[in-house]
Structures are given as structure tokens and as C-alpha cells.
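# Structural overview
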Amino acid sequence: MTESNQAVGILGGTFDPVHLGHLRIAQEVLDEVKLGKVLFIPCAEPPHKSGTNADAQHRLGMLRVALRSNPLFQVDEREYARKGVSYTIDTLESLRLELGDIPLCLILGSDSFLSLETWHRWKDLIHYCHLIVAVRPGWSGDPKTLFNGFFKGALVECADELHQQSGGLVYVHQVTQLDISATKIRGFLRQGRSVRYLVPDDLADYIEQNQLYRG
Ligand code: ATP
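Residues numbered from 1 in each chain as written. Predicted model: local features only at pLDDT ≥ 70, side-chain atom pairs only at ≥ 80, totals over all residues. Heavy atoms only, no water.

## A word on the side chain of R78
The topology assignment puts R78 in helix α3 (residues 78–81). Engagement of the side chain of R78 in a polar contact is seen with the side chain of D76, the distance being 2.9 Å. The residues touching R78, leaving out its near neighbours within four places in the chain, are T91, S94, L95 and E98. (Helix = DSSP H or I, 4+ residues; strand = E, 2+ residues; numbered from the N terminus. Polar contact = N/O pair within 3.5 Å; in protein donor to acceptor, adjacent residues only side chain to side chain. Contact = heavy atoms within 4.5 Å.)

## A look at the site of the ligand
Neighbouring residues of the ligand: 20 residues in total, closest H19, D111, S112, A182 and T183. Side-chain polar atom of H22 to an oxygen atom of the ligand: 3.0 Å apart, as the coordinates give it. Within the side chain of D111, one N or O atom sits 2.5 Å away from an oxygen atom of the ligand. Protein burial of the ligand: of its 600 Å² of free accessible surface, 91% is covered by the chains. Listed by contribution, the elements that provide at least two residues to the shell around the ligand are β1 (8–13), α1 (20–33), β4 (104–109), α5 (110–114) and α7 (182–190). Broken down by class, the residue content of the shell around the ligand amounts to 6 nonpolar, 10 polar and 4 charged. (Near = heavy atom within 4 Å. Areas by Shrake-Rupley, 256 points an atom, 1.4 Å probe, with all protein chains shown as cover. Nonpolar A, V, L, I, M, F, W, Y, C, P; charged D, E, K, R; others polar.)

## As for the sheet that holds β1
Spatially, 7 strands are ordered β3-β2-β1-β4-β5-β7-β6 in an open sheet, and the strand pairing comes out parallel. At either margin of the open sheet sits one strand with a lone partner, and together these are β3 (73–75) and β6 (155–156). Relative to strand β7 (residues 170–173), β6 is paired through 2 bridges, and the arrangement is parallel. Bridge pairing links L155 to V170 in β7. Taken strand by strand, α1 contacts β1, β2 (37–42), β3, β4, β5 (130–134) and β7, and its axis lies near 145° from that of β2. Contacts from helix α2 (residues 56–67) reach β2 and β3 within the one sheet, and its direction differs from that of β3 by about 160°. (Pairing = 2+ DSSP bridges. Axes fitted to C-alpha atoms, helices over the stretch in contact; angles between N-to-C directions.)

## Considerations on the pattern of salt bridges
Note on pairing: side chains with opposite charge can pair once their charged atoms come close. According to the stated counting rule, one finds 13 salt bridges in the structure shown. Of the charged contacts, one joins D124 and R121 as a salt bridge, the two residues approaching to 3.0 Å between their closest N and O atoms. Residue D124 is classed as partly exposed on the basis of its relative accessible area, which comes to 24%. Using a relative accessible area of 35% as the deciding quantity, one classes R121 as partly exposed. Between R196 and D201 there is a salt bridge whose closest N-O contact spans 3.6 Å. Owing to a relative accessible area of 41%, D201 belongs among the partly exposed residues under this scheme. (Salt bridge = Lys/Arg side-chain N within 4 Å of Asp/Glu carboxyl O. Buried < 20%, exposed > 50% of the residue type's maximum accessible area, 1.4 Å probe, protein only.)

This is the structure we're talking about:
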């Protein structure tokens, strides 16, 4: 249906801060699914977290620093431009309107996937995109059995199938297991420990210069 390199990946998150776990899953899904690019979409007002640690402008600033060396990774600021809670379904609707009928691949860590039932209009997400579940350390679930089998008929084993339609499919990707989380990084920084090699060097410098997450 489309040239494979037109497919677009979407990685949403609070990115508080962005880290090598995020960058690595984006790279692996980009290669595996043969995406044209990955949009990193920082959440302005997270529905699921009670506030963030760094403010919205620093989370955006950190993302810009972390992505600047990779032209296939782009920061998309549409959730900052909207008022109110940042719901993924609204972001997908706006991307679909803007990008037309190309495959959109929403990349979710398995922890996010497991919490999907709590998301606003969760059953509608798949009408706008494919879901790519990136398996995080400690997860051994089976998407077929989750959510009363809601995604059973949508599961595909071959990434090429994601290029045959613009959305509606679920693909589970075994990413390199990096037990890195923003929570862990904030914890290290609070204790005055280094986060070098958990985040890009430029980002470690940005955090240091702006004295972020010092508690
Ligand atoms: P926090 O620890 O503050 O909850 P986080 O590290 O999980 O943050 P988010 O910004 O909440 O980061 O995550 C954005 C997306 O990236 C989510 O879908 C999450 O599951 C995924 N993700 C984050 N870290 C990893 C990792 N190490 N491996 C795979 N997926 C990850």
C-alpha cells in the first residue's frame, strides 16, 4: 500500500528525563519495522502521573538535546500546543488528519501497554494506528489473553504486515532489555550520583548545568 519508509513511529512519554531506554527502543523499532522516522511526543499534562519533576520546558529542552544528532528522530510539540490533559487519542486524531493514510505505529513499553485499559478511549486507539509493544524487563505477558482478548485478532508476527494497512494491528517486539527508567535516573540524581551512560552525554551536561532533579 505504501512505501515502507513512509511509515511513522510515535513514542509518547513524559520524558522526565528522556534516556537511552527510550532512544534504543525507538531505534530498534525503526530498524525492525522499517519506519521512515520516529516522532517523540512529550506529554504536556500527563493523564496518569500526578505532576512531573522537571517542568514542561525543561522536558522539551532535554528531548531536543537528546535527539539532535539523529535526523530520523523528531520532537513533535503538538501536545504543548493543546490546552488541557494530553490524551493520546487526540494526538493520534490530529496526526492522522495531518499525515493522511500512511501506517502510524504507536510504540509502547510493555508497562504502558498493560495499563491501556485506563487510557481515555483506549478501544479507539487502534482505529488510528498500529500498536508496537516493546517488551520491557520483567514482562512475560501474552497480549492475546489481555483485556478479555480484545487484541487477539489484531496480532501479527511479521513486521512487514504493518505496511499493508494504516493501522489496526498489534506487533510485539523483543527489544534489547535495558533496565533504565526515568524514575531510576531521578533517584540517582537526588543522591548526587552520576547518570552518565544512562542518558546521552549532552543530556547529562544539560541536567548538570540546569541543576535538575537535585531534590
Ligand atoms: P518513569 O520512570 O518516570 O515512569 P519511564 O522511564 O517509564 O518514566 P516514560 O516517559 O513514562 O518513561 O515512557 C515513555 C514510553 O517509553 C513508555 O511507553 C514506556 O513504557 C517506554 N519505556 C521507557 N523506558 C523504557 C525501557 N527501558 N525499555 C522499553 N520501553 C521503555
